[in-house]
Amino acid sequence: MPLSSRHLLGLAGVPKEDIQLILDTAVTFREVLERPIKKVPTLQGKTVVNLFFENSTRTRISFELAQKRLSADTVNFSTSTSSTKKGETFKDTVRNIEAMKIDMIVVRHQSAGVPQFLTQISNAHIINAGDGRHEHPTQALLDMYSIKERLGKLAGLKVCIVGDVAHSRVALSNIFGLKAMGADVSVCGPPTLIPKGIESIGVKVIHDIDKAIAEHDVLNVLRIQLERKAGSSIPTTREYHNYFGITADRIEKNNKDVVILHPGPINRGVEISSEVADGPYQVILDQVTNGVAIRMAVLYLLGTMNN
Ligand code: NCD
């Protein structure tokens, strides 16, 4: 069965079967990554453009490696070196790239909704690599893959998303994806960093970090997004760390079985201590490895569709 959509714009409304298909397909590609020659000919002759309008290390390199390992031809676009700097509109930039005959676009943009807009002006398959505070579907997929790898399942697990939920696209994609897969999802943070009314999408709100650690199988710890003005929602980063930081002490006191995820980049000593970020409870670098397999799966499933 193919995916039910020809784009991956977010995980809102994506059926469980699609998520399962991507996770299962990624298992095969994860094996390819263990081979001495980490390359398969699956997307030979297909062209992918990476349109990155916002900074990225992990996501961008991960998508590029995934494309290379599937033998696709890839080109990279970044705003700092492009003609958007000369005043060209976004639409004209895309129309020109499209005229060069491309099959897929991976897009990261500071504005929510840009991937959706691209589907209206391009015939390519569109993959959202993060749009504003909206969604970051491949991050949530790799998070789910990493949880399943560690705990063997998603259904019935208790997962808490901790920290700057208000400014995070990772939070929303995780909530939609995990709920579709039958997990029980909560969010934890100071009231200023939790959007009002978030309960309406079926998550529980907790303000006590010790309780969050004690009552959950998994914590997905988010970065405090200082570039999105999160600093004005907390007294100081030090204060935030004192009340909500994930430390080894807190884990040892409350729940030594908890699994810690973080999408990166990490602010060490703010949302998570170095001891935890490098310690036995976390799967942070596994997430990065799994990210390449997840992106290979998404590129493969969309790139080999008949339309
Ligand atoms: C996230 C992002 O850019 O949305 N990082 C990532 O993709 N690995 C989260 C973040 O910036 O904190």
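The paragraphs below set out a description of the structure included in this document. (Residues numbered from 1 in each chain as written. Predicted model: local features only at pLDDT ≥ 70, side-chain atom pairs only at ≥ 80, totals over all residues. Heavy atoms only, no water.)

The number of helices and strands found in the chain is 11 helices and nine strands. For the chain, the spread of C-alpha atoms along the principal axes amounts to about 55 × 45 × 35 Å. Per-residue burial over the chain gives 55% buried out of 307 residues. When contacts within the chain are restricted to residue pairs at least 6 apart in sequence, long-range pairs at least 24 apart make up 74% of them. For the chain, the exposed surface amounts to about 13400 Å²; the carbon and sulfur share of it is 51%. If the 36 positive side-chain charges of the chain are averaged to one point and the 32 negative ones to another, these points end up 4 Å apart. (Helix = DSSP H or I, 4+ residues; strand = E, 2+ residues; numbered from the N terminus. Buried < 20%, exposed > 50% of the residue type's maximum accessible area, 1.4 Å probe, protein only. Contact = heavy atoms within 4.5 Å. Areas by Shrake-Rupley, 256 points an atom, 1.4 Å probe, with all protein chains shown as cover. Lys, Arg positive; Asp, Glu negative; His and termini not counted. Charge placed at Lys NZ, Arg CZ, Asp CG, Glu CD.)

Time to look at unusual backbone geometry. Cis geometry marks the peptide bond from glycine 264 to proline 265, where omega comes out at -5°. Mapped onto the secondary structure, proline 265 falls in the loop between strand S9 (259–261) and helix H10 (274–277). Look at serine 71: it is not a glycine, yet its phi comes out positive at around 65°. Structurally, serine 71 can be placed in the loop between helix H2 (58–69) and strand S2 (73–78). What makes serine 71 buried here is its relative accessible area of 12%. In this model, lysine 229 sits at a positive phi of 70°, which is unusual for a non-glycine residue. By the element assignment, lysine 229 lies in the loop between strand S8 (218–221) and helix H8 (237–244).

We now examine the nonpolar core. Proteins that are soluble and globular tend to have nonpolar side chains buried together. The biggest cluster of nonpolar side chains holds 60 residues, and the ones touching the most others in it are Leu141, Met144 and Leu299. In terms of residue count, the dominant contributor to this core is helix H11 (residues 284–303) (nine residues). A domain-level breakdown of this core finds at least three residues from each of domain 1 (16–135 + 288–303) and domain 2 (137–287). Excluding residues within four positions of it along the chain, leucine 141 makes contact with Leu8, Leu11, Ile19, Ile22, Leu23, Ile294 and Val298. Counting 26 residues, the second-largest nonpolar core is a separate cluster that includes Cys188, Ile206, Ile234 and Tyr240. (Core = buried A, V, L, I, M, F, W, Y, C linked by side-chain atoms within 4.5 Å. Domains from an automatic or database assignment.)

Within strand S5 (residues 158–162), four of the five residues are buried, which leaves the element mostly enclosed by the surrounding structure. Where S5 lies against strand S6 (residues 184–188), five bridges are found, and the strand directions are parallel. Each residue of the ladder has a partner; that of lysine 158, found in S6, is aspartate 184. As a crossover connection, the stretch from S5 through helix H6 (residues 169–180) into S6 is right-handed. Across four bridges, the pairing between S5 and S8 is parallel. Considered in S8, the bridge of valine 162 is made with valine 221. (Pairing = 2+ DSSP bridges. Right-handed = clockwise from strand over helix to strand, strands pointing away.)

We now examine the layout of surface pockets. One number sums up the size of the largest pocket: a volume of about 460 Å³. As for the largest pocket, its lining consists of 21 residues, of which Asn55, Arg108, Arg169, Arg223 and Pro265 are closest to the centre. Domain assignment of the residues forming the lining of the largest pocket places at least three in each of domain 1 (16–135 + 288–303) and domain 2 (137–287). Estimates place the volume of the second largest pocket at around 240 Å³. Only helix H1 (16–32), helix H4 (114–121), strand S4 (125–131) and H11 provide two or more residues apiece to the lining of the second largest pocket. Classifying every residue of the lining of the second largest pocket by side-chain character gives 10 nonpolar, eight polar and three charged. (1 Å grid on protein atoms, 1.4 Å probe; cavity = no way out; pocket = protein on both sides within 12 Å on 5 of 7 lines; lining within 4 Å. Points joined across faces, edges and corners; volume = space filled by probe spheres on them. Nonpolar A, V, L, I, M, F, W, Y, C, P; charged D, E, K, R; others polar.)

All right, on to the site of the ligand then. Taken together, Arg58, Thr59, Arg108, His136, Gln139, Arg169, Val170, Arg223, Gln225, Pro263, Gly264 and Pro265 make up the full set of residues near the ligand. Between glutamine 139 and the ligand, the recorded distance is 3.3 Å, taken from a side-chain N or O atom to a nitrogen atom. Between arginine 169 and the ligand, the recorded distance is 2.7 Å, taken from a side-chain N or O atom to an oxygen atom. Considered on its own, the ligand offers 320 Å² of accessible surface; in the complex 93% of this is hidden by protein. Of all the cavities here, the one that holds the ligand is the largest pocket. Within the residue set of the shell around the ligand, elements represented by two or more residues are H2 and H6. Partitioned by chemical class, the residues of the shell around the ligand number three nonpolar, five polar and four charged. Taken domain by domain, the makeup of the shell around the ligand includes at least three residues from each of domain 1 (16–135 + 288–303) and domain 2 (137–287). (Near = heavy atom within 4 Å. Polar contact = N/O pair within 3.5 Å; in protein donor to acceptor, adjacent residues only side chain to side chain. Sits in = over half its atoms within 2 Å of the grid points.)

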